[in-house]
Amino acid sequence: MLDGGHLPARLLYLRPENDTGIFVDAPALSLHIPRPLHADHITDIDMDHIRNIAIIAHVDHGKTTLVDQLLKQAGTFRANESKATEIRIMDSLDLEREKGITIRAKNAAFRWHDYHVNIVDTPGHADFGGEVERIMKMIDGVLLVVDAHDGPQAQTKFVLRKALENGAKPIVVINKIDRENARPHKVLDFIFDLFVELNATDAQLDFPVIYASARDGYAMREIHEKSETMEPLFEAIIKHIPPPAKSDVSYFQMLISNLDYSDYLGRIAYGRIISGRVKVGDSVVRINKDGRRERANVTALFGHVGLQKVELKNASEGDIVGLCGFENAFIGETITDTEERAGLPFVDIDPPTISMKICINDGPLAGREGKLLTARQVRERLIRETLTNVSIEVSDTDVAGHFDIKARGEMQIAILVEQMRREGFEVLVSRPEVIFRRDDDNTLLEPFESLYVDVPNENLGDILQSLAWRKADIINMEHQTATVTVQATIPTRGLIGFETDLVNATKGHGIMSHLFKEYGPHKGEIPTRNNGVLVAMEGGISTAYSLDTIQERGRLFIAPQEEIYEGMIIGENARPDDMPVNPCRAKKLTNMRSQGDGKGISLAPPLKMTLERSLEYIAPDEYVEVTPKSLRLRKKILDANGRKRAGQKVG
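**Considering the overall build of the chain**
Next up, step 1: Along its length, the chain carries 15 helices and 37 strands.
Next up, step 2: Within the chain, buried positions represent 52% of all 651 residues.

Next up, the structure:
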């Protein structure tokens, strides 16, 4: 598979601006690579000069920007390299750049003086917690990045708890100190309280603090110091983050903490080498979670220089590497030298709490925009996602072309569906449903979340009413000058659609975050949606004449001259029940002058929802039709008589 220590040309993607080959899972490209990707020039580094760190923060607290500055100021990129001027380098996925969030845990590395620092960028959103938990065994310390005004938020708490439980040494970076409303000393008090709440050890409570502006590229130990570089942060990492612990044994051991996949190399198992050495061609053993052993040869080893994967000939204790050779490797398994060894302990990943169905598109407009339509293609894509994303589970259902997806949150599935539509898939997606359990006494249990909502004072009543309607228990309320922070425990079912209500009630000023708490007793029925929908009763092209009459009944989701089919949802009814309408009715032409002549039609702009809001909005008997260019809402049963018969059966 690998020839002479080089990657074959079809494994490489050549960036035209900098002649640098980067290994990706990409289509075959026939390219001439002037500089092969191998790491003969990377000398062995003493374990005492290795630092393995993760960077954790709440969404939008500047974590990815901070990584940019560390890589750039450490001299990772040449001055004439495009990466040297690029921003948010670690957000490699288009969706990450568009949404401003980190979705996938990623590895990078830089050299500072004689030290080699491995960085893992972790997601800040709780839905991607599976990405967080699995890399905590790879690192010895964390940079906790906190906004100098907002302070630690809910998902800061989620990721930090995982890090502290694994014994990681923290360095607190109070970022965005250049903000006008920055309050770094107050935020530092909040952080200390958070550490105490999370039962941090005395050593973890004695954390160093660095004040920084990642955007402007400077850091300092004290707020009154002058600094123009990140030098104080580099020094803090080297001084306070311990090197990898030396093992008592000399034989090779590695714990799989992350996965990647390539159509050419197969599965790539990432993890830290706990002890010993390994080189390409070695015969090693994988210990399954159930204790079974499998032997295979190491076909490739990868390390990191900057953001590039580089091929290694060998690696030793303390290194974070990717290892190829085991097609069925999985998170939490151990790779070692012989069958007699015992497996390494691993922290279990929190269970999925949300279930949704992804189905092939069987609507009248199927195949107009996408190229990947069949059940086989959809199934292969979903299975491929599970190869690298352990917190997503895919299973077949009784209905052909319908697949059940379990995940940590609706946003995680929405990201997967968004990626699929950009790849050319057309699918139908159902409303999120929570995964129920039963305890030993056969009591029905459902997942609960800790919810944190920051709302303007004038909207507090509306939000508390909405939370009560969703069966939430208010734990605490803190009043600030213009806002109120509400902490509540809410069933995961109650969260579905809450963000839409929050945005509407607060005109976009409300902020929410949540994280999984526990499974608890079922709270009873929670109403899904107040309003019914306007359902097209026949297909055709929508007309302004017809929509002008229909908009008096509610809010429209479509504009004139759009193609419509029977059973498609074209708007929201002002009343609680569904209403059949005909958006394609044209004006009858006669030789008589009508009373309306000369009057213009004035249509309100249609409501265009994002994929996440669409999934929250739909009822249990509806689908979101997702194609590369369109998002449509529709009934599961398109025929009105069929829906009526199905409703009678349920009744």
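**Overview of the side chain of Ser355**
Next up, step 1: Inspection of the secondary structure assignment puts Ser355 in strand S20 (residues 354-360).
Next up, step 2: A distance of 2.9 Å separates the side chain of Ser355 from the side chain of Asp404, its partner in a polar contact.
Next up, step 3: Those residues in contact with Ser355 that sit more than four places away from it in its chain are Asp404, Ile405, Lys406, Arg431, Pro432, Glu433 and Ile435.

**Considerations on the pairing of strand S18 (residues 320-324)**
Next up, step 1: Of all 5 residues making up S18, 5 are buried, and the element is well covered by its neighbours.
Next up, step 2: On S18, burial covers both faces: Ile320, Gly322 and Cys324 on one face and Val321 and Leu323 on the other are all buried.
Next up, step 3: Direction of pairing for strand S11 (residues 266-275) relative to S18: antiparallel, over a ladder of 5 bridges. Each residue of the ladder has a partner; that of Ile268, found in S18, is Cys324.

**Here's the deal with the nonpolar core**
Within soluble globular proteins, side chains that are nonpolar generally end up buried alongside one another.
Next up, step 1: Ranked by internal contacts, the top residues of the largest apolar core, which has 31 residues, are Ile358, Val378, Leu382, Val417, Val427, Val429 and Leu633.
Next up, step 2: Those elements that provide at least two residues to this core are S20, helix H8 (375-388), strand S22 (402-407), helix H9 (410-422), strand S23 (427-430), strand S30 (533-536), helix H14 (611-617) and strand S36 (622-626).
Next up, step 3: Leu633 has contacts with Phe557, Met568, Ile569, Met609, Ser614, Tyr617, Ile618, Tyr623 and Val624, leaving out every residue within four places of it along the chain.

**A short note on the pattern of salt bridges**
Next up, step 1: Here the structure, examined in full by the defined rule, presents 30 salt bridges.
Next up, step 2: A salt bridge links Glu339 to Arg295, with the nearest nitrogen and oxygen atoms 3.0 Å apart. Of this pair, Glu339 sits in the loop between strand S19 (334-336) and S20 while Arg295 sits in strand S14 (residues 293-297), placing them 44 residues apart in sequence.
Next up, step 3: The exposure class of Glu339 is partly exposed, given its relative accessible area of 34%.
Next up, step 4: Residue classification places Arg295 among the partly exposed residues on the basis of a relative accessible area of 38%.
Next up, step 5: Glu418 is paired through a salt bridge with Arg422; the nearest N and O atoms lie 3.1 Å apart. One end of the pair is Glu418 and the other is Arg422, both in helix H9 and 4 residues apart, which spans about a single turn.
Next up, step 6: We classify Arg422 as partly exposed; its relative accessible area is 41%.
Next up, step 7: A cluster of three or more residues bridged by salt bridges with shared partners is formed by Asp578, Asp621, Glu622 and Lys635.

**A closer look at helix H1 (residues 63-73)**
Along an α-helix, residues three or four positions apart point the same way, because every turn accommodates 3.6 residues.
Next up, step 1: Within H1, 8 of the 11 residues are buried, which leaves the element mostly enclosed by the surrounding structure.
Next up, step 2: Looking at H1, one finds that the buried residues are Lys63, Thr64, Leu66, Val67, Asp68, Gln69, Leu70 and Leu71.

**Observations regarding the side chain of Asn361**
Next up, step 1: Checked against the element boundaries, Asn361 lands in the loop between S20 and H8.
Next up, step 2: In terms of polar contacts, Asn361 uses its side chain to reach the side chain of Glu426, at 3.0 Å.

**Overview of H9**
Next up, step 1: With 13 residues, H9 should reach 18 Å at 1.5 Å per residue; the first-to-last C-alpha distance of 18 Å fits that figure.
Next up, step 2: Along H9, 12 of the 13 residues are buried, which leaves the element largely enclosed by surrounding structure.
Next up, step 3: All buried positions along H9 are accounted for by Glu410, Met411, Gln412, Ile413, Ala414, Ile415, Leu416, Val417, Glu418, Gln419, Met420 and Arg421.
Next up, step 4: Phi turns positive, to about 105 degrees, at Gly424, one or two residues after H9.

**Some details on the confidence of the model for the chain**
Next up, step 1: When pLDDT is averaged across the chain, the result is 77; 81% of the residues are at 70 or more.
Next up, step 2: Low pLDDT (under 50) marks residues 1-43, which in the prediction has 89 contacts with non-local residues, meaning those over four places away or in another chain.

**Structural notes on the packing of helix H10 (residues 460-469) against helix H12 (residues 498-506)**
Next up, step 1: The interhelical angle for the contact between H10 and H12, taken along N-to-C directions, is 160 degrees, at an axis separation of 10 Å. The orientation of H10 with respect to H12, classified from their angle, is roughly antiparallel. In this structure, H10 meets H12 at a crossing whose hand is right-handed. Across the interface between the two elements, Ile463, Ser466 and Leu467 from H10 touch Phe498, Asp501, Leu502, Ala505 and Thr506 from H12.
Next up, step 2: A per-class count over the contact of H10 with H12 returns 5 nonpolar, 2 polar and 1 charged.

**So, the pairing of S30**
Next up, step 1: Side-chain alternation along S30 places Val533 and Val535 on one buried face and Leu534 and Ala536 on a second face that is also buried.
Next up, step 2: Of the pairings in the sheet, the one linking S30 to strand S35 (residues 579-581) comprises 3 bridges and is parallel in character. In the sheet register, Val535 faces S35, and the bridge partner there is Pro580.

**Focus on the environment of Asn531**
Next up, step 1: If you trace the backbone, Asn531 turns up in the loop between strand S29 (511-521) and S30.
Next up, step 2: For the pair Asn531 and Asp578, spaced 47 residues apart in the sequence, the C-alpha separation amounts to 8.1 Å.
Next up, step 3: Apart from residues lying up to four places away in sequence, Asn531 is in contact with Glu572, Asn573, Ala574, Arg575 and Pro576.
Next up, step 4: A polar atom in the side chain of Asn531 sits 3.0 Å from the backbone oxygen of Asn573.
Next up, step 5: A polar atom in the side chain of Asn531 sits 3.4 Å from the backbone oxygen of Ala574.

**Some points on the packing of aromatic side chains**
Next up, step 1: One pass over the full model with this rule turns up 4 aromatic pairs.
Next up, step 2: Ring geometry for Phe192 against Phe207: centres 6.4 Å apart, planes inclined by 50 degrees, an arrangement best described as tilted. Of this pair, Phe192 sits in helix H5 (residues 184-197) while Phe207 sits in the loop between helix H6 (202-205) and strand S8 (209-213), and the two are 15 residues apart along the sequence.
Next up, step 3: On the basis of relative accessible area, Phe192 is assigned to the partly exposed category, the value being 39%.
Next up, step 4: For Phe207, a relative accessible area of 10% puts it in the buried group.
Next up, step 5: Members of the aromatic cluster, each reached through a chain of ring pairs, are Phe192, Phe195 and Phe207.
Next up, step 6: The aromatic ring of Tyr251 is capped on one face by Arg341, whose charged end is 3.6 Å from the ring centroid.
Next up, step 7: The ring of Tyr519 is capped by Arg437, whose NZ or CZ atom sits 4.3 Å from the centre of that ring.

**Topic: the environment of Glu499**
Next up, step 1: Mapping Glu499 onto the fold places it in helix H12.
Next up, step 2: Remark: the alpha-carbon pair of Glu499 and Ser513, spanning 14 residues in sequence, is separated by 9.6 Å.

**Examining the environment of Ile558**
Next up, step 1: Relative to the assigned elements, Ile558 resides in the loop between strand S32 (554-556) and strand S33 (563-564).
Next up, step 2: Sequence spacing of Ile558 and Pro583 is 25 residues, and the spatial spacing of their C-alpha atoms is 9.4 Å.

**A closer look at unusual backbone geometry**
Next up, step 1: Phi is positive for Asn199, close to 60 degrees, though the residue is something other than glycine.
Next up, step 2: Here Asn199 is to be found in the loop between H5 and H6.
Next up, step 3: The class of Asn199 is exposed, set by a relative accessible area of 67%.
Next up, step 4: Located in the positive-phi region is Lys471, a residue other than glycine, with phi close to 65 degrees.

Analysis parameters
Residues numbered from 1 in each chain as written. Predicted model: local features only at pLDDT ≥ 70, side-chain atom pairs only at ≥ 80, totals over all residues. Heavy atoms only, no water. Helix = DSSP H or I, 4+ residues; strand = E, 2+ residues; numbered from the N terminus. Buried < 20%, exposed > 50% of the residue type's maximum accessible area, 1.4 Å probe, protein only. Polar contact = N/O pair within 3.5 Å; in protein donor to acceptor, adjacent residues only side chain to side chain. Contact = heavy atoms within 4.5 Å. Pairing = 2+ DSSP bridges. Core = buried A, V, L, I, M, F, W, Y, C linked by side-chain atoms within 4.5 Å. Salt bridge = Lys/Arg side-chain N within 4 Å of Asp/Glu carboxyl O. Expected span 1.5 Å × (residues − 1). pLDDT = per-residue confidence, 0-100. Axes fitted to C-alpha atoms, helices over the stretch in contact; angles between N-to-C directions. Parallel < 35°, antiparallel > 145°, perpendicular 65-115°, else oblique. Left-handed = near helix turned anticlockwise from the far one by under 90°. Nonpolar A, V, L, I, M, F, W, Y, C, P; charged D, E, K, R; others polar. Phe/Tyr/Trp six-rings, centres within 6.5 Å; stacked < 30°, edge-to-face > 60°. Lys NZ or Arg CZ within 6 Å of the ring centre and 35° of its normal.

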